[in-house]
Amino acid sequence: MAALDLLNTHSIVQSSAEKAAPAPVQLRNVVRQFGQQRVIDGLDLDIAPGEFVALLGASGSGKTTLLRTLAGLDSIDSGELRVPVARAAVFQEPRLMPWKNAWKNVILGLHINDAKARAEAALTEVGLAHRVNAFPATLSGGEAQRVALARGLVREPKLLLLDEPFAALDALTRIRMHQLIIDLWRKHTPAVLLVTHDVDEAILLADRVIVLANGRIADEIRIELPRQRDSGQAGFQAVRSRLLGLLGVKAPEPAQAASQHETAQEKAAQDSTLSELRRVANARR
């Protein structure tokens, strides 16, 4: 499998060393800066083939810049960046062309044989076999995001980049999309990098969660919880608390615990409701 090597910003070389297997994502001392500000500051990162990685961090920590760099939408100023040639990105907005129907949006920019059949197959995988000829204006938010996901899948990526693709969806639709992305990841086995601000989402989906701060990796946690995950399972809250701590969100002081008892009960009820919604969503698939 050929890969792109980006060395010192401009050097692009095709490597034959990975023909037998998909190339992992590799960053070595990568720097990206705007003026005097280093948004990515000497970053080292590996993503193995088929690994699902979530990226957390405060606004301005470099998450989106890193994703854009991996997608080929931005350059680096120095360092080494290696990514699979076959890659695709799904963003928070579906970015569909309003004058094209669903299947034509799926193959946008592709010149392939049996284009319509490939698009219909991808739409079927995301549960939209009945909407292949629908125009974006007639799609719900969840349906539009599924079309965007199908557009990524039809490219058969070795690296799938997800930039907060579920942030604008309602709770039940988000749960269904979480299960869909896990099902598709298991079937197609791309490496996945998910950028999110949602700690729970990161724990639910990823093999590994990386916390980015000031353009560097502040810490990372491998998620060992068995799938399918939910916020009520043993160990979930411990991982959640650790990640929140890394993001600068402190746990309540002991003196505050009693006064927050009612709030904790409400949170437990919400978690129970979300777990039930997740169960119902999975049952209806």
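Preceding this paragraph is the structure being described.
Here the structure is a predicted model, which means the values were calculated and not measured.

Caption draft 1: The pattern of salt bridges, seen in detail. In the structure shown here, the tally under the stated rule is 15 salt bridges. Note that D77 and R32 form a salt bridge whose closest N and O atoms lie 3.2 Å from each other. Taken together, the residues D77 in the loop between α1 (63-71) and β6 (78-84) and R32 in strand β3 (residues 25-34) connect sequence positions 45 residues apart. Overall, the relative accessible area of 12% leaves R32 in the buried class. With a closest N to O distance of 4.0 Å, R118 and E156 form a salt bridge. Within this pair, whereas R118 is found in helix α3 (residues 115-125), its partner E156 is found in the loop between α4 (141-153) and β8 (159-163), the two being separated by 38 residues in sequence. With relative accessibility at 31%, the residue R118 sits in the partly exposed group. Looking at E156, the relative accessible area reads 55%, which means it is exposed. Salt bridges here are not isolated pairs; linked through shared partners, they connect E51, R208, E220 and R222.

Caption draft 2: Spotlight on α3. Among all positions in α3, only A115, A119, A122 and L123 are buried. Along α3, the residues classed as buried sweep out an arc of 100° about the axis, all on the same side. In this structure, the buried side of α3 is in contact with α2 (102-106) and α4.

Caption draft 3: Representation of the packing of α4 against helix α5 (residues 171-188). The N-to-C vectors of α4 and α5 enclose an angle of 15°; their axes lie 11 Å apart at closest approach. Judged by the inter-axis angle, α4 sits roughly parallel to α5. Note that α4 runs across α5; the crossing there is right-handed. Along the contact surface, α4 presents G142, Q145, R146, L149 and L153, while α5 presents T173, R176, M177, L180, I181, L184 and H188. Each residue belonging to the contact of α4 with α5 can be placed in one class, and the counts come to 6 nonpolar, 4 polar and 2 charged.

Caption draft 4: Main features of the environment of L128. Here L128 is to be found in the loop between α3 and α4. Accessibility expressed as a relative area gives 2% for L128, which makes it buried. With 16 residues separating them in the primary sequence, L128 and A144 have C-alpha atoms 9.9 Å apart. In this structure, L128 is in contact with L123, E143, R146 and V147, ignoring residues within four places of it in sequence.

Caption draft 5: Examining α1 more closely. In terms of burial, α1 is largely enclosed, as 7 of its 9 residues are buried. Looking at α1, one finds that the buried residues are K63, T65, L66, L67, T69, L70 and A71. Among the residues trailing α1, G72 stands out with phi positive, at a value near 85°.

Caption draft 6: Up close: the side chain of Q179. By secondary structure assignment, the location of Q179 is in helix α5. A relative accessible area of 10% means that Q179 is categorised as buried. Reaching out from Q179, the side chain makes a polar contact with the side chain of Q228 at a distance of 3.4 Å.

Caption draft 7: Geometry of the pairing of strand β4 (residues 37-47). As defined by bridge partners, β3 adjoins β4 across 8 bridges and the pair is classed as antiparallel. Looking at β4, one finds that Q26 is bridged to D46. With antiparallel pairing between neighbouring strands as the criterion, β3 and β4 make up a hairpin whose turn holds 2 residues, including G35 at a positive phi of roughly 65°.

Caption draft 8: Highlighting the packing of aromatic side chains. Counted according to the given criterion, the structure contains 1 aromatic pair. Between F52 and W185, the aromatic rings sit 5.4 Å apart at their centres with planes inclined by 85°, giving edge-to-face as the arrangement. Pair noted here: F52 is in strand β5 (residues 52-56) and W185 is in helix α5, with a separation of 133 residues, a long-range link. Residue class for F52 comes out buried when judged on its relative accessible area of 0%.

Caption draft 9: Representation of the nonpolar core in the model. Core analysis: the largest hydrophobic core is formed by 52 residues, its most contacted members being V106, L123, V126, L149 and L243. Counting residues in hydrophobic clusters, the runner-up holds 24 residues, among them L45, V53, A71 and I210.

Caption draft 10: Representation of the side chain of T69. Inspection of the secondary structure puts T69 in helix α1. Overall, the relative accessible area of 3% leaves T69 in the buried class. A polar contact is formed between the side chain of T69 and the backbone oxygen of T65, at a distance of 2.8 Å. Excluding residues within four positions of it along the chain, T69 makes contact with I40, D74, S75, I76 and L81.

Thresholds applied
Residues numbered from 1 in each chain as written. Predicted model: local features only at pLDDT ≥ 70, side-chain atom pairs only at ≥ 80, totals over all residues. Heavy atoms only, no water. Salt bridge = Lys/Arg side-chain N within 4 Å of Asp/Glu carboxyl O. Helix = DSSP H or I, 4+ residues; strand = E, 2+ residues; numbered from the N terminus. Buried < 20%, exposed > 50% of the residue type's maximum accessible area, 1.4 Å probe, protein only. Arc of directions from axis to C-beta. Contact = heavy atoms within 4.5 Å. Axes fitted to C-alpha atoms, helices over the stretch in contact; angles between N-to-C directions. Parallel < 35°, antiparallel > 145°, perpendicular 65-115°, else oblique. Left-handed = near helix turned anticlockwise from the far one by under 90°. Nonpolar A, V, L, I, M, F, W, Y, C, P; charged D, E, K, R; others polar. Polar contact = N/O pair within 3.5 Å; in protein donor to acceptor, adjacent residues only side chain to side chain. Pairing = 2+ DSSP bridges. Phe/Tyr/Trp six-rings, centres within 6.5 Å; stacked < 30°, edge-to-face > 60°. Core = buried A, V, L, I, M, F, W, Y, C linked by side-chain atoms within 4.5 Å.

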